[in-house]
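Structure at a glance
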Amino acid sequence: MKPLTGIRVIDFSQFLAGPACSLRLADLGAEVIKVERPKTGDICRHLYIAKQKIGGESSIFHAINRNKKSVAIDLKNPVDNRRILDLIKTADVVIQNFRPGVAKRLGIDYCTLKTINPRMVYGSISGYGADNTTWRDKPGQDLLAQALSGITYAEDGCVPTPMGLSIADLATAYDLTQGILSLLVRRGRTNMGGFTEVSLLESLIGYQSVQYTAYLNDCPLSTAHRGIYKTRDAYIAIQAPSLSKLAVYITGKNHVDVHRIFTAKPTAHWLRIFDTAPIIASPVYDWHDLRNTPYYKALKFEQTVTSPHYPDVKTTRCPLKIDGKTLTSPIGIPAIGEHTTEYITGDP
């Protein structure tokens, strides 16, 4: 039995951060009921670039909404709103990532819902903090959060560069997951529910705590050098005490064009050179390279999920192991409102 078996999660969130949190809870065994708009559903169903869709739905949606149920409810309709409240009475966890103030207008904010379900754990996501009156109405978007957080300057003296994945959304998702799990533990001891909230901006600042603490205390930032260099046949990742020490190690001089030196030999040559050096080096893999290593194959990190409404989808499993067992699920994404009649009672 998975650790969260028997826990019911009502998920009002869309896009990436909230659904990534509820995906982790689903992987841990929770029953996740996704509340979507009738007909159109979660906007993320149609959030794709070029041809990144599977069975008419975004590959992003397939990646983060497997193993969930779907009910279709118009929260702005008073009758539908009352019907969803009956379901919330049975919830252990509620998640939402509406813009600040929207949940209250819809009558599904924490203060309202705790009166009908005081044992509920309520998780909320915003872009920049619900109480941040200056930025509270700024779009809660991953790239904007990266730009404002300082993380694009993570390497001292570099040109600001955004990360190639949605790090703000994912950091926020896993921070919210921790908050929810901690409140479920407290509820097990005290029978008391609770409210946890996090924002994209706060999660990114938190993830920079090592460098940020040095900055706040006027400490010199690390002088260690990290870089990826093109070799004659591929790329190599290097971490050295400093760029000058790296140069001295490979040429005997501390003022040379290190990039040019690396292109003279293949990656395997440099890996042998650094094998016994006080310098950490690694080949740089793309996904094709990674999948073909014996190390990756030993992880058994892929799974295929199925749905009666969509093609089979090959995706990743949860990275956690519990009691030595990996967490997998064969269930693909739901169709919009597929489980409405199963969970929503009363006349529409």
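Everything below is about the structure printed above this text.
As the structure is a prediction and not an experimental result, all values here were calculated from the model. (Residues numbered from 1 in each chain as written. Predicted model: local features only at pLDDT ≥ 70, side-chain atom pairs only at ≥ 80, totals over all residues. Heavy atoms only, no water.)

Overview of the sheet that holds strand S1 (residues 8-11)
- Taking strand neighbours across the sheet as the criterion, the six strands line up as S5-S2-S1-S6-S7-S8 in an open arrangement whose pairing is parallel. What marks the edges here is a single partner per strand, and that holds for strand S5 (69-72) and strand S8 (194-199). Taken pair by pair, the neighbouring strands of this sheet meet at an average axis angle of 20°, ignoring direction.
- Here four bridges tie strand S2 (residues 31-36) to S5, and the two strands are oriented parallel to one another. Counterpart to Glu36 in the pairing with S5 is Ala72.
- Strand contacts of helix H7 (residues 167-190): strand S6 (93-96), strand S7 (121-126) and S8, with the helix running at about 165° to S8, the strand carrying the most contacts. (Pairing = 2+ DSSP bridges. Helix = DSSP H or I, 4+ residues; strand = E, 2+ residues; numbered from the N terminus. Axes fitted to C-alpha atoms, helices over the stretch in contact; angles between N-to-C directions. Contact = heavy atoms within 4.5 Å.)

Things to note about a nonpolar patch on the surface
- Taken together, the side chains of Ile205, Tyr212, Tyr215, Leu216 and Leu221 make up a nonpolar region of the molecular surface, amounting to roughly 480 Å² of accessible area.
- Among the elements that make up the nonpolar patch, the one with the highest residue count is helix H9 (residues 209-216) (three residues).
- Assignment of secondary structure puts Tyr212 in helix H9. (Patch = residues over 30% accessible without salt bridge, like charges linked within 9 Å, V, L, I, M, F, W, Y side chains within 5 Å. Areas by Shrake-Rupley, 256 points an atom, 1.4 Å probe, with all protein chains shown as cover. Salt bridge = Lys/Arg side-chain N within 4 Å of Asp/Glu carboxyl O.)

Let's talk about H7
- Taking 1.5 Å of rise per residue, 24 residues should cover 34 Å, and H7 covers 34 Å from first to last C-alpha, within 8% of that figure.
- Just past H7, the residue Asn191 takes up positive phi, approximately 65°. (Expected span 1.5 Å × (residues − 1).)

Details of empty space enclosed by the protein
- For the coordinates displayed, the defined rule picks out one cavity of 30 Å³ or more.
- Elements that contribute at least two residues to the lining of the largest cavity include exactly strand S12 (302-307) and strand S13 (310-316).
- Of the residues in the lining of the largest cavity, the class split is five nonpolar, four polar and no charged. (1 Å grid on protein atoms, 1.4 Å probe; cavity = no way out; pocket = protein on both sides within 12 Å on 5 of 7 lines; lining within 4 Å. Points joined across faces, edges and corners; volume = space filled by probe spheres on them. Nonpolar A, V, L, I, M, F, W, Y, C, P; charged D, E, K, R; others polar.)

Examining the pattern of salt bridges
- One pass over the full model with this rule turns up 10 salt bridges.
- As a salt-bridge pair, Asp27 and Arg66 come within 2.7 Å of each other at their nearest N and O atoms. Highlighted residues: Asp27 in helix H1 (residues 17-27) and Arg66 in the loop between helix H2 (59-64) and S5, separated in sequence by 39 residues. Residues Asp27 and Arg66 agree in their burial class; the two are buried.
- Notably, a salt bridge pairs Lys89 with Asp86, separated by 3.6 Å at the nearest N-O pair.
- Taking relative accessible area as the criterion, Lys89 reaches 46% and is therefore assigned partly exposed. (Buried < 20%, exposed > 50% of the residue type's maximum accessible area, 1.4 Å probe, protein only.)

Notes on the packing of aromatic side chains
- Counted according to the given criterion, the structure contains 10 aromatic pairs.
- Seen in terms of ring centroids, Tyr128 and Trp135 are 5.9 Å apart; in terms of plane orientation they differ by 75°. Their pairing is edge-to-face.
- Judged by relative accessible area, Tyr128 falls into the buried class, the value being 4%.
- Taking relative accessible area as the criterion, Trp135 reaches 29% and is therefore assigned partly exposed.
- Taken together, the aromatic side chains of Tyr229, Tyr249, Phe262, Trp270 and Phe274 make up a single cluster linked through ring pairs. (Phe/Tyr/Trp six-rings, centres within 6.5 Å; stacked < 30°, edge-to-face > 60°.)

A word on the pairing of strand S14 (residues 318-322)
- For S14 and strand S15 (residues 325-327), the ladder comprises three bridges, and the chain directions are antiparallel. What sits directly across from Lys321, in S15, is Thr326.
- Linkage of S14 to S15, two consecutive antiparallel strands, is achieved through a turn of two residues, within which Asp323 is found at a positive phi near 55°.

Notes on the side chain of Ser203
- On the secondary structure map, Ser203 appears in helix H8 (residues 200-207).
- Judged by its relative accessible area of 1%, Ser203 falls in the buried class.
- Here the side chain of Ser203 touches Asp175 through a polar contact of 2.7 Å, side chain to side chain. (Polar contact = N/O pair within 3.5 Å; in protein donor to acceptor, adjacent residues only side chain to side chain.)

Things to note about the packing of helix H10 (residues 243-251) against helix H12 (residues 267-274)
- In the contact formed by H10 and H12, the axes pass within 11 Å of each other and the chain directions differ by 100°. Here H10 lies roughly perpendicular to H12, going by the angle between them. Seen from H10, the contacting residues are Leu246, Tyr249 and Ile250; seen from H12, they are Trp270, Ile273 and Phe274.
- Counted by class, the contact of H10 with H12 contains six nonpolar, no polar and no charged residues. (Parallel < 35°, antiparallel > 145°, perpendicular 65-115°, else oblique.)

Describing the environment of Val94
- Examined against the element boundaries, Val94 turns out to sit in strand S6.
- Assessed through its relative accessible area of 0%, Val94 is described here as buried.
- Contacts of Val94, omitting those with residues within four sequence positions, involve Ile10, Phe12, Ile88, Leu113, Met120, Val121, Tyr122 and Gly123.

Description of the nonpolar core
- By size, the foremost hydrophobic cluster in this structure holds 29 residues, and its most contacted members are Val9, Leu25, Val93, Ile95 and Ile180.
- Taken together, the elements giving at least two residues each to this core come down to H1, S6, S7, H7 and H8.
- A per-element tally of this core places H7 first, with seven residues.
- When near neighbours in sequence (up to four residues on either side) are disregarded, Leu25 contacts Leu4, Val9, Ala30, Ile95, Thr177, Ile180 and Leu181.
- Among the nonpolar cores identified, the runner-up in size contains 22 residues, and Phe12, Met120, Tyr343 and Ile344 belong to it. (Core = buried A, V, L, I, M, F, W, Y, C linked by side-chain atoms within 4.5 Å.)

Let's talk about helix H3 (residues 78-88)
- Taken as a whole, H3 has its buried residues at Asp80, Asn81, Arg83, Ile84, Leu87 and Ile88. Down the axis of H3, the sector holding all buried residues measures 160°, keeping them to one side. For H3, the exposed residues set more than 90 degrees away from the buried face come down to Pro78 and Arg82.
- Tucked into the core, H3 has its buried residues touching S1, S2, S6, helix H4 (102-106), helix H5 (110-113) and helix H15 (340-343). (Arc of directions from axis to C-beta.)

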